[in-house]
Amino acid sequence: MSELKISSPFTLADAQATGLSSDDMRSLRRRGDVREVVRGIYVSADVPDTLDLRAAALTRVVPPRAVACRRTAAWLHGVDVLALGSHVEVPPVELLVPAGTAAIRRVGVIGYSGVLCDDEVVEINGVLATSPVRTTLDLGRLLPLVDGVAAVDAMLHAQLVTIADLMDVLPRFRGYRHKLRLDRALDLADGRAESPQESRLRIRLVVYAKLPRPEVQYVVPFARGEFRLDLAYVEAKVAVEYDGTEHHSEPADVEYDRWRRNLIGRLGWKFHVARSHDVLSGWMDFTAKVASSLYSSGYRPAA
């Protein structure tokens, strides 16, 4: 392994050129010594995930004139939209070529062809990608609504775009397929959301359960500071939060969450805490519980 520059992205062919076999690579991946950055491109597991690394990996798979687009472009801009859905394998790279050109067809790539304006293409460390604005609008238009809103939220939260930026370019999409979905996604978007699952949970409540829009990252003041609630129905004092495994599974995190919610609960707030299951497949039961709390507080839907 010493001859392989594993600090830089490499292919299986690169590894084999140093004497490593396919079995050796499978063993290295199984032990967690190397990881797949994009489909078919590897790096040592201890190399930090940076935008430079992502661009270097993409240079190995992006042919001339092809432009990284959609989820791959967002990832290259630093927003991991690829994590919005559940996937076991590394997702394929999404590439766009000029209209009239055959879309790329190869393993590990989803190819498209289409029209891009000059200001919709940027270069990132040698890789062409759709601009943050074009990327955001494509995601809001082409992903299912719940994922599209989460993607737009994430791009806004990263301060890569603003709603004003998006609205300025929106007229270009007149006549494009799924334009109405894009309009709806922009209407529902909120850059204050701090995680994709929080965004998805909000859309489950508003679009599918037909509940009113909650406040996002609502601040509850205290004498010695303040707490924030992921989603809040302020008049009803109903809080809805998403607890992911990354920040809410360690004993210290669980104890802090319990202390914080007990403290806020003394002010009359009721909490509904969602996990991944409640957002992805169990949302009907979860949102029904939230609706029950709202109705018991006196909420009634507008006529």
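Reading the values: rules and limits
- Residues numbered from 1 in each chain as written.
- Predicted model: local features only at pLDDT ≥ 70, side-chain atom pairs only at ≥ 80, totals over all residues.
- Heavy atoms only, no water.
- Helix = DSSP H or I, 4+ residues; strand = E, 2+ residues; numbered from the N terminus.
- Polar contact = N/O pair within 3.5 Å; in protein donor to acceptor, adjacent residues only side chain to side chain.
- Axes fitted to C-alpha atoms, helices over the stretch in contact; angles between N-to-C directions.
- Parallel < 35°, antiparallel > 145°, perpendicular 65-115°, else oblique.
- Left-handed = near helix turned anticlockwise from the far one by under 90°.
- Contact = heavy atoms within 4.5 Å.
- Nonpolar A, V, L, I, M, F, W, Y, C, P; charged D, E, K, R; others polar.
- Core = buried A, V, L, I, M, F, W, Y, C linked by side-chain atoms within 4.5 Å.
- Buried < 20%, exposed > 50% of the residue type's maximum accessible area, 1.4 Å probe, protein only.
- Pairing = 2+ DSSP bridges.
- Salt bridge = Lys/Arg side-chain N within 4 Å of Asp/Glu carboxyl O.

### Points about the side chain of Glu241
Here comes step 1: Of note, Glu241 is situated in strand S10 (residues 238-242).
Here comes step 2: Looking at Glu241, its side chain comes within polar contact range of the main-chain nitrogen of Asp230, at 3.2 Å.

### Structural notes on the packing of helix H5 (residues 132-142) against helix H6 (residues 145-157)
Here comes step 1: As a packed pair, H5 and H6 sit with axes 8 Å apart at the nearest point and diverge in direction by 160°. If you check the angle between H5 and H6, you find them roughly antiparallel. Viewed along their axes, H5 and H6 form a crossing whose handedness is left-handed. Two secondary-structure elements touch here, H5 through Pro132, Thr135, Thr136, Leu139 and Gly140 and H6 through Gly148, Ala151, Val152 and Met155.
Here comes step 2: For the contact of H5 with H6, a count of residues per class yields 5 nonpolar, 4 polar and no charged.

### With respect to the nonpolar core
Here comes step 1: Ranked by size, the top nonpolar core spans 24 residues in total, and within it Val38, Leu58, Val61, Val62, Leu76 and Leu95 carry the most contacts.
Here comes step 2: Secondary-structure elements contributing two or more residues to this core are strand S1 (34-38), strand S2 (41-44), helix H3 (51-59), helix H4 (70-76), strand S4 (93-98) and strand S7 (127-130).
Here comes step 3: Per-element tally for this core: the top contributor is H3, with 4 residues.
Here comes step 4: Those residues in contact with Leu76, other than ones at most four positions away along the chain, are Leu51, Arg54, Ala55, Leu58, Ile124, Val127 and Ala129.

### Regarding the side chain of Arg54
Here comes step 1: With respect to the element layout, Arg54 can be found in helix H3.
Here comes step 2: Judged by relative accessible area, which is 8%, Arg54 ranks as buried.
Here comes step 3: With residues up to four places along the chain from it excluded, the contact list for Arg54 reads Asp49, Trp75, Leu76, Gly78 and Val79.

### Focus on the environment of Val279
Here comes step 1: Within the secondary structure layout, Val279 lies in helix H12 (residues 276-280).
Here comes step 2: Separated by 79 residues in sequence, Val279 and Arg200 have C-alpha atoms that sit 6.8 Å apart.
Here comes step 3: Sequence-distant contacts of Val279, that is, excluding residues within four places in its chain, are made with Gln197, Arg200, Leu201, Arg204, Tyr242 and Ala274.

### Some details on the sheet that holds strand S9 (residues 225-233)
Here comes step 1: Taken in spatial order, the 4 strands make up an open sheet running S8-S9-S10-S11, and their pairing is mixed. Looking at strand neighbours, the two that pair on one side only are strand S8 (215-222) and strand S11 (270-274), the edges of this open sheet. On average, adjacent strands in this sheet sit at an angle of 45° to one another, irrespective of strand direction.
Here comes step 2: With 3 bridges connecting them, S9 and S10 associate as antiparallel partners. Considered in S10, the bridge of Leu231 is made with Val240.

### Considering the environment of Arg228
Here comes step 1: Mapped onto the elements of the fold, Arg228 is located in strand S9.
Here comes step 2: A C-alpha to C-alpha distance of 9.0 Å links Arg228 and Val216, two positions 12 residues apart in sequence.
Here comes step 3: In this structure Arg228 touches Glu194, Gln217, Tyr218, Val219, Glu241 and Arg260, once residues within four positions along its chain are discounted.
Here comes step 4: At 2.8 Å, the side chain of Arg228 forms a polar contact with the side chain of Glu194.

### Let's talk about the pattern of salt bridges
Here comes step 1: Inspection of the entire model under this criterion finds 22 salt bridges.
Here comes step 2: Between Arg172 and Asp119 there is a salt bridge whose closest N-O contact spans 2.8 Å. A residue pair is termed long-range when its members are at least 10 positions apart, and Arg172 in the loop between helix H7 (163-169) and helix H8 (179-188) and Asp119 in the loop between strand S5 (109-114) and strand S6 (121-124) qualify at 53 residues.
Here comes step 3: Arg172 sits in the partly exposed class, given a relative accessible area of 35%.
Here comes step 4: One salt bridge connects Glu194 with Arg228, and the closest N-O pair in it is separated by 2.8 Å. Of the two residues, Glu194 sits in the loop between H8 and helix H9 (196-208) while Arg228 sits in strand S9, which places them 34 residues apart along the sequence.

### What to know about the environment of Asp243
Here comes step 1: Here Asp243 shows up in the loop between S10 and helix H10 (245-248).
Here comes step 2: The exposure class assigned to Asp243 is buried, which follows from its relative accessible area of 5%.
Here comes step 3: In this structure, the C-alpha to C-alpha distance between Asp243 and Val254, residues 11 residues apart in sequence, is 9.7 Å.

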